[in-house]
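Read off the chains here:
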Amino acid sequence: MSARAISRGGTRGWRIASYGMVLFFLAWVLIPICTVTLNSFKPATAIFTTTPDFSFTPTLEHYFNVLARGNFPRQYLNSTLVAIGTVVLALGFGTPAAYALTRLPVHGAERWFRAFLLARMVPAVSLVVPLFVLLQIAGLKNTLTGIVLTHTGFTLPLVVWMMRAFFQDVPRELEEAAVVDGASRWTAFWRVALPLTLPGLAATAVLVVFFSWNEFLFALVLTGPQTQTVPIGVSAFVGTVSVDWGGSSAAAVLAMIPMFVLGLLIQRFLVSGLAMGAVKG
Amino acid sequence: MANTAITTGGAATRSPRRGYRREDGSLLGYAMLAPAAILVGILILLPLAYSVFLSLYDWKLLEMNRPKRWSGLGNYWKLITDDGLHNAFVNTVIFMVGAVTVELVLGFVIALAVFHMTSGRRLANAIILLPMVITPVVTALLWRYMLDPQFGIVAQVMTALGGHGGIDVWGSSALALPGLMLVDIWQWTPFAILILHAGMLGISEEQFEAAAVDGAGHLRVAFSIILPAIVPQILVVLLFRSMDTYRIFDTVFVLTRGGPGVSSDTLGLFTFRNGFSYLQMGYAMALSVFLLVTVSIISAFYIRLLRRRGML
């Protein structure tokens, strides 16, 4: 037993109990994910059984069905385009703002940060009705531009808060040295501070992708048949008394996998990011 | 904070600090801030102001271009006397208190267990984070299949144990709301675990060593050293989970639509339904304002506590 475990009050019994509880929790997390993944490879006869069936012949037919027919490929493409557009806009607008508020002499910077925090706390449900009307007036309803804009509005405050934390970690002396050497303040931002925050920028981008990819309410109200995103497609499977468990499971797996990959890539930043930098991860 | 010097007075009156020329950066600063500020203004503030304005009128979605009838505070009066809203509000508060309590307590227990592991912690954390990044609609799908009364794994296990299949959770007015809470707990307890665990890692080893010298047992350490040290993290969990559960929409919409009857109706769903099913836009706007004001009260409460501790 390590010295650390002893000093934390850990005895052998407590340690075994700890491992037991964690294993139990991991099983609780993994069972639904594994069940749906298994279903996506099962022939229908193996899904609709009253006892668990593990002796099936794996099939890719559900994936072929989902990817070859219906709206799912279109929705997948839409979700990807919306996520990319949102990342570009939210980071493109949010990063300079975060830099200006952490490093440049902007009056009332602290108050600006608080204003962005408040904007982040506005519930989507409060905005969906007025945004529906406003986008209709602007002619942006049922367009990808409209949905990108709403996602951008929602993620911009997150970007400002995340990037503030990353810019604060850059040693101020580096930018000062650049300015003393004759660089403009913009160059100090663009050539010195920004490259140093690239990992943070990437983590922030992933958080924006999570929001955009998972967002349901705006997509439900503001998109039309041609502009639907993945969550809308998946919800159609759940809503109807669908018998296509295989197809919907394949769609669910295809929706989950990119998020798992991204989530594990930025594991270190994920928690503090979801808490908007309030907690150092 | 890095900006204390800047927030205290006018830009022109103060001497330059930190060796930069002030005028130079100030203009650039506003230029870099303006696009984001304008965009948030258009996409968040404008819709909010617009919803306050339109909540004073009585109008339907299909009558968008016709002149709207002024109703003053009529929509807000309706809000006070609406039994449907009362029901949705009670459900939402039950959902929030129930789900957040379980997430926090379970989160603390599992975070503590992870904290006591001597190996495999990285792997455990990697698995624990998975539910958080799943689309809520997909989470709803997972649990619809898990709890299917005929072919769900829960029903299969119950049959194997000699029962007669499972229970139709989403079709039961007693179980629909607890079922939705279960889904939220599955998806978001990981958030509590990872935040609380991060807080525990920040406690200095000396504190544990001092407790060990005193002969403190496992429970004493957990409650008199770890728990007080992670109060800020607990507040963060409470803040974010209370806000998110209070405005819960996606999983409710997909799994129960508030049913059976209105047994699992929530504020978010109620507002949505009034706007987009009943097309009562004026009333839906008033409900949006109500939701915003109440959620602000909840978050202001926690933010004040957090600020007092120097977080945020």
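Along each chain, the written sequence defines residue order, and numbers are assigned to residues from 1. Ligands are numbered from 1 and chains lettered from A, in the order in which they are written. Per-residue local features are limited, in this predicted model, to residues with pLDDT of at least 70; the limit for side-chain atom pairs, both in listing and counting, is 80 or more; totals at the level of whole chains, interfaces and linings are taken over all residues.

**A look at the overall build of chain A**
Helices and strands together make up the secondary structure of chain A, namely 15 helices and zero strands. Throughout, radius of gyration means the C-alpha value; the globule benchmark is 2.2 Å times the number of residues raised to the power 0.38. The C-alpha atoms of chain A give 23 Å as radius of gyration, which overshoots the globular expectation for 281 residues (19 Å, by more than 25%). In terms of overall dimensions, chain A has a C-alpha envelope of 75 × 65 × 35 Å along the principal axes. By the convention adopted here, residues make contact when the C-beta atoms placed from their backbones lie within 7 Å. Pairs at least 24 apart in sequence give 73% of the contacts found in chain A among residues at least 6 apart. Each helix is a run of DSSP H or I of at least 4 residues and each strand a run of E of at least 2, with the numbering of both proceeding from the N terminus.

**Observations concerning the overall build of chain B**
The number of helices and strands found in chain B is 14 helices and two strands. Projected onto its principal axes, the C-alpha positions of chain B cover 80 × 75 × 30 Å. Each of the 312 residues in chain B was classed as buried or not, and the buried ones make up 46%. Restricting to contacts in chain B with at least 6 residues of sequence separation, those with at least 24 account for 69%. For the exposure call, what matters is how many other C-beta atoms sit within 10 Å of a residue's own: 20 or more marks it buried, 12 or fewer exposed, and in between partly exposed, using C-beta atoms placed from the backbone.

**Description of the packing of helix α2 (residues 12-41) of chain A against helix α14 (residues 245-265) of chain A**
All names here are of chain A. Orientation is described by lines fitted to C-alpha atoms, with helices fitted over the stretch in contact, and by angles between N-to-C directions that extend from 0 to 180 degrees. In the contact formed by α2 and α14, the axes pass within 7 Å of each other and the chain directions differ by 125°. Considering the angle they form, α2 stands oblique to α14. Where α2 crosses over α14, the two elements pack in a sense that is left-handed. Across the interface between the two elements, Val36, Thr37, Asn39 and Ser40 from α2 touch Trp245, Gly246, Ser249, Ala250, Ala252 and Val253 from α14. Angles below 35 degrees are treated as roughly parallel, those above 145 as roughly antiparallel, those between 65 and 115 as roughly perpendicular, and all remaining angles as oblique. By the definition used in this description, the sense in which the near helix is turned from the far one sets the handedness, with an anticlockwise turn below a right angle giving left-handed and a clockwise turn giving right-handed.

**Quick word on the interface of chain A and chain B**
Taken together, the contact between chain A and chain B spans 100 residues of the former and 99 residues of the latter. Counting residues per element, the side of chain A that touches chain B draws most heavily on α2 of chain A, which supplies 15 residues. Residues were grouped as follows: Ala, Val, Leu, Ile, Met, Phe, Trp, Tyr, Cys and Pro as nonpolar; Asp, Glu, Lys and Arg as charged; and all remaining residues, including Gly, as polar. Looking at the side of chain A that touches chain B residue by residue, the classes come out as 68 nonpolar, 27 polar and five charged.

**Description of the confidence of the model for chain A**
Mean pLDDT over chain A: 86, with 93% of residues reaching 70 or higher. The pLDDT value tells you how sure the predictor is about a given residue, anywhere from 0 up to 100. The least confident element of chain A, judged by mean pLDDT, is helix α1 (residues 3-7) of chain A at 49; the most confident is helix α5 (residues 72-103) of chain A at 95.

**A word on α2 of chain A**
Between its first and last C-alpha atoms α2 of chain A spans 42 Å; for 30 residues at 1.5 Å apiece the expected length is 44 Å, and the two agree. Within α2 of chain A the residues assigned to the buried category are Trp14, Ser18, Val22, Phe25, Val29, Pro32, Ile33, Val36, Asn39 and Ser40 of chain A. In this analysis, the expected span of each helix is defined as 1.5 Å times one less than the number of residues it contains.

**With respect to unusual backbone geometry**
Residues and elements named next belong to chain B. In this chain, Gly259 is followed by Pro260 through a cis amide linkage whose omega measures -5°. Even without a glycine there, the phi angle at Arg257 is positive, about 50°. In this structure, Arg257 sits in the loop between α12 (250-255) and α13 (267-276). In this structure, Leu279 takes a positive phi of about 60° despite not being glycine. Of note, Leu279 is situated in the loop between α13 and α14 (281-308).

**Regarding the confidence of the model for chain B**
Residues and elements named next belong to chain B. On average, chain B scores 85 in pLDDT, and the residues at 70 or more come to 90%. No element of chain B has a lower mean pLDDT than helix α1 (residues 4-7), at 36, and none a higher one than helix α4 (residues 83-116), at 95. At the level of chain-chain contacts, confidence expressed as ipTM amounts to 0.88, with global pTM at 0.88.

**Concerning the packing of helix α7 (residues 124-137) of chain A against α14 of chain B**
Two elements in contact, α7 of chain A and α14 of chain B, have axes whose closest approach is 8 Å; the angle formed by their N-to-C orientations is 150°. As judged from the angle between their axes, α7 of chain A and α14 of chain B are roughly antiparallel. As for how α7 of chain A packs across α14 of chain B, the hand of that crossing is left-handed. Along the contact surface, α7 of chain A presents Val125, Ser126, Val129 and Pro130 of chain A, while α14 of chain B presents Met281, Ala284, Met285, Ser288, Leu291 and Leu292 of chain B. Here the contact of α7 of chain A with α14 of chain B is composed, by residue class, of eight nonpolar, two polar and no charged.

**Quick look at the environment of Val234 of chain A**
Along the chain, Val234 of chain A falls in helix α13 (residues 230-239). Residues Val234 of chain A and Ala188 of chain A lie 46 residues apart in sequence; the distance between their C-alpha atoms is 46 Å. Val234 of chain A has contacts with Ser248, Ala251, Ala252 and Ala255 of chain A together with Thr135, Val137, Val138 and Leu141 of chain B, leaving out every residue within four places of it along the chain.

**Section: the nonpolar core**
Under the definition applied here, buried Ala, Val, Leu, Ile, Met, Phe, Trp, Tyr and Cys residues are grouped into a nonpolar core through C-beta atoms within 7 Å. Residues Ala97, Val159, Val234 and Ala252 of chain A together with Leu141 and Ile195 of chain B are the most contacted members of the largest nonpolar core, which totals 175 residues. The greatest single-element share of this core, amounting to 16 residues, is contributed by helix α8 (residues 176-201) of chain B. If we skip the residues at most four places from it in the chain, Val159 of chain A touches Ala90, Leu91, Gly94, Thr95, Ala98, Thr204 and Val208 of chain A.

**Points about the environment of Leu117 of chain A**
All names here are of chain A. Inspection of the secondary structure puts Leu117 in helix α6 (residues 109-121). Residue class for Leu117 comes out partly exposed when judged on the 18 C-beta atoms lying within 10 Å of it. For the pair Leu117 and Glu175, spaced 58 residues apart in sequence, the C-alpha separation works out to 27 Å.

**Notes on the environment of Gly202 of chain B**
Residues and elements named next belong to chain B. Mapped onto the elements, Gly202 comes out in the loop between α8 and α9 (205-213). On the basis of neighbour counts, which here come to 12 C-beta atoms within 10 Å, the residue Gly202 falls in the exposed class. Put simply, Gly202 and Ile248 are 46 residues apart on the chain and 32 Å apart in space, counted from C-alpha to C-alpha.

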